[in-house]
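Architecture and fold: a report
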Amino acid sequence: MADDGTTRPFPAGQTALVVRVPEAESLVGGWRERCDPSARDGVPAHVTVLFPFLDESLVDAGVRAVLAQVLGSHPAFEVRFARCGRFPGVLHLSPEPAGPLRRLTETVAARWPEAPPYGGRHADVVPHLTVALGQEDSLLEEIEADLAGRLPFTCRVSSVELIVHDGAKWQERASFPLGG
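Along every chain, residues carry numbers that run from 1 in the direction the sequence is written. Since the coordinates come from a predicted model, pLDDT governs what is reported: local features require at least 70, and pairs of side-chain atoms require 80 or more to be given and counted, while whole-chain, interface and lining totals use all residues. As a convention, hydrogens and water are excluded, and side-chain values are obtained from all of the structure's heavy atoms.

Overview of the overall build of the protein chain
A run of H or I in DSSP becomes a helix once it reaches four residues, and a run of E becomes a strand once it reaches two; helices and strands are each numbered from the N terminus. Along its length, the protein chain carries five helices and eight strands. Taken from N to C terminus, the helices and strands of the protein chain fall in the order β-α-α-β-α-β-β-α-β-α-β-β-β. Against the 2.2 N^0.38 benchmark of 16 Å for 180 residues, the protein chain shows a C-alpha radius of gyration of 15 Å, consistent with a compact globule. Relative to its full complement of 180 residues, the protein chain shows a buried share of 50%. The globule rule used here is 2.2 Å times the number of residues to the 0.38 power, and the radius of gyration it is set against is calculated over C-alpha atoms. Whether a residue is buried, partly exposed or exposed follows from its accessible area with a 1.4 Å probe, protein chains only, as a fraction of its type maximum: under 20%, in between, or over 50%, in that order.

Here you go:
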């Protein structure tokens, strides 16, 4: 889940809100397993909505009810992944349109200002599906070349998952359907 090219251990109880992208697994799963430590820790191919979210000890029935209401107010939508993008040391797939994903992040972050996206490290949050991070540019170029001929693909975004780090792996704890 780190998007800055570093590997960090996550504390037990750390949470995130993500959109699973199962359609990407056959395309990027092998690369993610090799080049994205979060994949080895149980995080599926995804676009992050909000990380870090609240500690698991704070995610009670009331928080879950508000999450269901907030996320349910957004309609389900489709996104297309047609190209790769880069951040320093990171290769990712870029969802199009990014607006609906950005609005999910903005809405949840506005409701829980104590949990700013990426801890407030980035002024502009860019929705993306991380494929590889912390790798040499030559490997990122190899991965990008491999993926280029296998894109695009489309997926329907109909829910947001709450995942929790249990001290060893990330586990899904709840799923919140989007509206419509």
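Alright, that's what it looks like, and here's the rest.
Observations regarding the sheet that holds strand S4 (residues 90–96)
For two strands to pair, DSSP has to find at least two bridges joining them. The strand order S5-S4-S3-S6 describes an open sheet built from four strands, whose pairing is antiparallel. Unpaired on one side and paired on the other, strand S5 (129–133) and strand S6 (153–157) mark the two borders of the sheet. Each strand axis lies, on average, 35° off the axis of its neighbour in the sheet, ignoring direction. By the convention used here, residues are in contact when the closest approach between their heavy atoms is within 4.5 Å. Under this scheme, a helix contributes an axis fitted over its contacting stretch, all axes are lines through C-alpha atoms, and angles between N-to-C directions fall in the 0 to 180 degree range. Its contacts with the sheet put helix H5 (residues 137–148) on strand S3 (77–87), S4 and S5, and the angle it makes with S3 is roughly 145°.

Some remarks on the nonpolar core
Here, nonpolar core means buried Ala, Val, Leu, Ile, Met, Phe, Trp, Tyr and Cys residues that are tied together by side-chain atoms lying within 4.5 Å of each other. Ranked by internal contacts, the top residues of the largest apolar core, which has 49 residues, are Phe53, Leu93, Val108 and Leu129. Each residue touching Val108, except ones within four places of it in the same chain, is listed here: Leu17, Val49, Leu50, Phe53, Leu67, Val70 and Leu71. Formed by nine residues, the second largest nonpolar core is a distinct cluster that contains Phe10, Val18, Tyr118 and Trp170.

Section: the confidence of the model for the protein chain
Summary statistics for the protein chain give a mean pLDDT of 93 and a share of 95% for residues scoring 70 or more. What pLDDT expresses is the predictor's confidence in each residue, scored from 0 to 100. Contacts of residues 1–7 to residues separated by more than four positions or lying in other chains number 25 contacts, the stretch itself having pLDDT below 50.

A few points about the environment of Glu161
Position of Glu161 among the secondary structure elements: in strand S7 (residues 159–165). Classification of Glu161 as buried rests on a relative accessible area of 5%. Spatially, the C-alpha atom of Glu161 lies 9.7 Å from that of Thr48, the residues being 113 residues apart in sequence. The contacts of Glu161, once residues within four sequence positions are left out, are Ala16, Leu17, Val18, Arg20, Glu172, Ala174 and Ser175. Residues adjacent in sequence count toward polar contacts only when both atoms are side-chain atoms; beyond that, a polar contact is any pair of N or O atoms within 3.5 Å, and within protein one must be able to donate a hydrogen and the other to accept it. Within polar-contact distance, the side chain of Glu161 engages the side chain of Ser159 at 2.9 Å. Of the polar contacts made by the side chain of Glu161, one reaches the side chain of Ser175; its length is 2.4 Å.

Considering the pairing of strand S2 (residues 46–50)
When you tally the buried positions in S2, you get five out of five residues, the bulk of the element. Strand direction decides the pairing type here: strand S1 (residues 15–20) and S2, joined by four bridges, are antiparallel. Paired with Val18 across the bridge in S2 is Thr48.

Brief notes about the packing of helix H1 (residues 25–35) against H5
One can describe the packing of H1 onto H5 by two numbers: an axis separation of 11 Å at closest approach and a directional angle of 170°. By the criterion of interaxial angle, the relationship of H1 to H5 is roughly antiparallel. In this structure, H1 crosses over H5, and the sense of that crossing is right-handed. Residue-level inspection shows Leu27, Val28, Trp31, Arg34 and Cys35 of H1 in contact with H5, the latter providing Leu139, Glu142, Ile143, Asp146 and Leu147. Note that the term roughly parallel is reserved for angles under 35 degrees, roughly antiparallel for angles over 145, roughly perpendicular for angles of 65 to 115, and oblique for everything else. Left-handed describes a crossing whose near helix is turned anticlockwise from the far helix by less than a right angle; the clockwise case is right-handed.

Quick look at the side chain of Thr15
Tracing the sequence through the fold places Thr15 in strand S1. Since its relative accessible area comes to 0%, Thr15 is described here as buried. In this structure the side chain of Thr15 is engaged in a polar contact, spanning 2.4 Å, whose partner is the backbone oxygen of Leu54. Setting aside chain neighbours within four positions, we find Thr15 in contact with Phe51, Pro52, Phe53, Leu54, Asp55, Glu56, Leu162, Ile163, Val164 and Trp170.

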